[in-house]
Amino acid sequence: MQNNFNGGIISPEMYGRFDQSKYQSGVADACNMMVLPHGALDYRNGFEYVTGLARPFRLIPFVYSDEQAIVVILCPPKAYFATLGQVILDGSNNPVEVGIPYSAAELQGIRYAQSGDVITMTHKNHAPRLLKRVSATSWTVSTVSTSPPIAAPESVVITAQRTNTENNHLTEHDYCVTAWKGTEESDKGTGQGVQNDLTVKPNTNTISWTPVAGADKYTVYKRQSGVWGRIAETVDTSVIDSYIEPDTSLTPAFTRNPFSGAGKYPVAVSYIQQRKAYGGGAETPQVLNLSRAGTEDNFTHSIPGQDDDAIQFRIAGRDGNGIQHLVPMNDLLVLTSASAWKISAAGAITPQEIMVYPQANTGANECTPLLADTVCIFSSDQTGRVHELSLSANRSGAYQTIELSLMCPHLFDGYTVVDQAITRNPFTCCFFVRNDGEMIAMTYDPLQQVFGFHRHKTSGKIKTVAVIPEEGQSTLYLGIERDGQLFLERFRMRRTFDSMYENHMDCSAVRTFPNPVTTVTGLDWLNGKAVSVLADGTLELENHIVQNGTIEVQHESKVFIIGLVYEGYFQTLPLYEAYQGFNPLKP
């Protein structure tokens, strides 16, 4: 008797491998059944209808906190937003929307990284964009600007006070002034000069300028031997130079735009050590750009260099495969279509202290890698299978790849993974959407050596997925095509202590009425489809065709669950009858 199924689906090629521990807990098939970490198989919950869409779309998560989580629906030429199973509406009861520059064909190539209320989106055909939440019903999309957030002071005036004119040796004194907003400095502006002899007391030069709106402070620089050096910082709008020696180790920053035109737009984006990182591009496939420390999109640098300067470098690889993803872990992992690299430093990453090491020769496809604690899970571009990238136990600081789908390659061979997502509550489960519309899931707990695969399908094709936290658990949102129509639906796992989640129909709706009724309206998305109807827990209708968005039942009821029926089943592996001396290799 088999009492543990957390090994998940096992390939038919493994049917004779009774010596494998996974075989003892595996199954031949599990369709629409969830493999639970503790060993049980559970008939999955249904997919709940959220809304219909007129054009192809892709889902990405926006998670500010467990209480503020939204699914972003990229549906060119607009983006919409949904949470708690509903599309977010504005004050006029219209969906909140914002324009986006991408086409439907470009959705798969979008990469993203979130920081606070802002999602940075990249695509090789477009300049990076910032999707920003201004309020619950207001969002903006803007192009990333690498220019300083504040202008340099204007009308800089240098006034020489030559009180002592005896034995003067007049020399040229050049000055420039920058403004600061937070941790970011403006351009140095135009330098101004005056002649004076500051070696003679009490001669001085007074540098003054007009204030800059929003400036927190100002820095004054003086040129010495062709190099600018800092002489003062102030919150005022003037400084007196009484022969202050400039510190040429602190110079004004030089602005640089690494995304100056088509071909240089980055492919990937992430964060590492308080820097935003961009990587890849049509003309710069192996180039990385790290912003100035403590800033978002400031790519300024100084001469001589400073530890917090922006960094640009190229990975010197053996091949020309471009950067696909940047993954923030203990180090910054760079995934190309053929390999994995580690970007690290002995301490903080600086322009003088940055190291690049090759880690693996397994590359990733376009799907955003998944993070599960200290592990990165990605779909291979070369084989289409699922791999784990984690720190090696045998090599200090090195990463290794392990194929997680080794026991069930038939689930991925011949297919392409087009999207993926991961839930973390009530347990960790990865979902991989295949190009044929079926979704392969993997229950995952590496410390307990659990990675069991299971299949999920519906009457249609699953196209895209994203996960956000909702109502105390991870909720999976799905984009599904059914009979040429596109739907946004959501999936919440069953919880034994909360019966409200018991819904075993897809594209479904739960309708509750204060008084018993026999008619339910407003089901237009189900028109022409054969549905089943549960009324107060009783199966009232089966294979009933919805017309005019309305269904009628015989008995008055208060709670209705209406949707499309799906089938869940599993098949055990061949039993090993060792004591009889034979192995029946047929399930």
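See the structure shown above.
Just so it is clear, the structure is predicted and the values come from calculations on it, not from any experiment.

Let us now look at the overall build of the protein chain. In terms of regular secondary structure, the protein chain is built from 1 helix and 46 strands. Within the protein chain, buried positions represent 52% of all 587 residues. Considering only intrachain contacts with a sequence separation of at least 6, the fraction spanning at least 24 residues in the protein chain is 56%.

Now for the pattern of salt bridges. On inspection of all chains with the given rule, the structure shows 24 salt bridges. With a closest N to O distance of 3.2 Å, E403 and R385 form a salt bridge. Within this pair, whereas E403 is found in strand β34 (residues 399–403), its partner R385 is found in the loop between β32 (375–379) and β33 (386–391), the two being separated by 18 residues in sequence.

Attention shifts here to the packing of aromatic side chains. Summed over all chains, the structure comprises 16 aromatic pairs. Summarising the aromatic geometry, the rings of F18 and Y23 are spaced 5.0 Å apart at their centres and angled 75° between planes, so their arrangement reads as edge-to-face. For the pair formed by F18 and Y23, the shared burial category is buried. Feature note: the residues F47, F431 and F491 constitute an aromatic cluster, connected by ring pairs.

What follows deals with unusual backbone geometry. Residue P77 is bonded to the preceding P76 through a cis peptide linkage, with omega at 10°. Examined against the element boundaries, P77 turns out to sit in the loop between β7 (69–75) and β8 (78–83). Look at the link from N425 to P426: it is a cis peptide, with omega at 15°. Note on placement: P426 falls in the loop between β35 (417–423) and β36 (429–434). The backbone of Y243 shows a phi angle near 70°, a positive value even though the residue is not glycine.

The 4 strands are arranged β23-β24-β25-β26 in an open sheet whose pairing can be described as antiparallel. At either end of the open sheet lies a strand with only one pairing partner, and these are β23 (268–272) and β26 (311–314). The average angle at which neighbouring strand axes cross in this sheet is 20°, direction not considered. As paired elements, strand β24 (residues 275–279) and strand β25 (residues 287–290) share 3 bridges and run antiparallel to each other. Following the sheet pairing, Y278 is matched in β25 by N289.

To continue, consider the environment of A179. Along the chain, A179 falls in strand β16 (residues 171–181). Since its relative accessible area comes to 0%, A179 is described here as buried. Expressed as a C-alpha distance, the spacing of A179 and P211, which sit 32 residues apart in the sequence, is 9.0 Å. Setting aside residues no more than four positions away along its own chain, A179 makes contact with I150, A151, P153, E184, E185, S186, V212, A215, K217 and Y218.

Counting buried positions along β23 yields 4 of 5 residues, so the element is predominantly enclosed. In this sheet, β24 lies alongside β23 in antiparallel orientation, the contact comprising 5 bridges. Note that in β24 the partner of S270 across the bridge is A277. What sits between the antiparallel neighbours β23 and β24 is a turn of 2 residues, in which Q273 has the positive phi angle 50°.

So, on to the environment of T163. Along the chain, T163 falls in the loop between β15 (157–161) and β16. Each C-alpha atom of the pair T163 and V200 lies 9.1 Å from the other, and the pair is 37 residues apart in sequence. The residues touching T163, leaving out its near neighbours within four places in the chain, are P202 and N203.

This part is about the sheet that holds strand β13 (residues 126–135). Two strands in a sheet stick together by hydrogen bonds in their backbones, pointing the same way (parallel) or opposite ways (antiparallel). Strand order in this open sheet of 4 strands is β11-β12-β13-β14, and the pairing throughout is antiparallel. Looking at which strands have only one partner, the edges of the open sheet turn out to be β11 (111–115) and β14 (138–143). Within this sheet the neighbouring strands show an average axis-to-axis angle of 20°, counted without direction. In terms of strand pairing, β11 meets strand β12 (residues 118–123) through 5 bridges, oriented antiparallel.

What follows covers the nonpolar core. Membership of the largest hydrophobic core comes to 25 residues, with the highest contact counts inside it found for I377, F412, F432, M442 and F453. Only β2 (26–31), β3 (33–35), β31 (370–372), β32, β35, β36 and β37 (439–445) provide two or more residues apiece to this core. Here this core gets 3 residues from one element, more than from any other, and that element is β37.

Inspection of the secondary structure puts D117 in the loop between β11 and β12. Side chain to side chain, D117 and R133 meet in a polar contact 2.7 Å long.

A few words on the side chain of N6. Along the polypeptide, N6 turns up in the segment before β1 (8–9). Of the polar contacts made by the side chain of N6, one reaches the backbone oxygen of P37; its length is 3.0 Å. Those residues in contact with N6, other than ones at most four positions away along the chain, are K22, S25, V35, L36, P37, H38, G39, V450, F451 and G452.

With that out of the way, let us pick up the side chain of H126. By the element assignment, H126 lies in strand β13. Apart from residues no more than four positions distant in its own chain, H126 is found in contact with P101, Y102, E106 and Y265.

Right, let's talk about the state of the cysteines for a bit. The final tally for this structure, using the stated rule, is 0 disulfides. The thiol sulfur of C31 is not disulfide-bonded, and the nearest other cysteine sulfur, from C429, lies at 14 Å. The class of C31 is buried, set by a relative accessible area of 0%.

Conventions we followed
- All residue numbers refer to positions counted from 1 along the written sequence of the respective chain.
- With the structure being a predicted model, the display of local features is reserved for residues of pLDDT at least 70 and the display and counting of side-chain atom pairs for 80 or more, all residues being used for whole-chain, interface and lining totals.
- Only heavy atoms go into the side-chain values, all of them from the structure, while hydrogens and water stay out.
- Put simply, DSSP H or I for four residues or longer makes a helix, DSSP E for two residues or longer makes a strand, and each gets a number counted from the N terminus.
- For the exposure calls, accessible area comes from a 1.4 Å probe over protein chains only, and a residue counts as buried if that area is under 20% of its type's maximum, exposed if over 50%, partly exposed in between.
- Any pair of residues with heavy atoms lying within 4.5 Å of one another is described as a contacting pair.
- Salt bridges are defined as contacts in which a side-chain nitrogen from Lys or Arg sits within 4 Å of a carboxyl oxygen from Asp or Glu.
- In this analysis, rings of Phe, Tyr and Trp, with Trp reduced to its six-membered ring, are considered paired at centre separations within 6.5 Å, and the interplanar angle assigns stacked below 30 degrees, edge-to-face beyond 60, and tilted for intermediate values.
- Only strands that DSSP links by at least two bridges are regarded as paired with each other.
- Axis lines are fitted to C-alpha atoms, over the contacting stretch for helices. Their N-to-C directions set the angle, which ranges from 0 to 180 degrees.
- Buried residues of nine kinds, namely Ala, Val, Leu, Ile, Met, Phe, Trp, Tyr and Cys, make up a nonpolar core once their side-chain atoms join them within 4.5 Å.
- Contacts described as polar in this section are N or O atom pairs within 3.5 Å, which, within protein, must combine one atom able to donate a hydrogen with one able to accept it, while residues neighboring in sequence count only if both atoms come from side chains.
- Note on terminology: disulfide denotes any pair of cysteine sulfur atoms within 2.5 Å.

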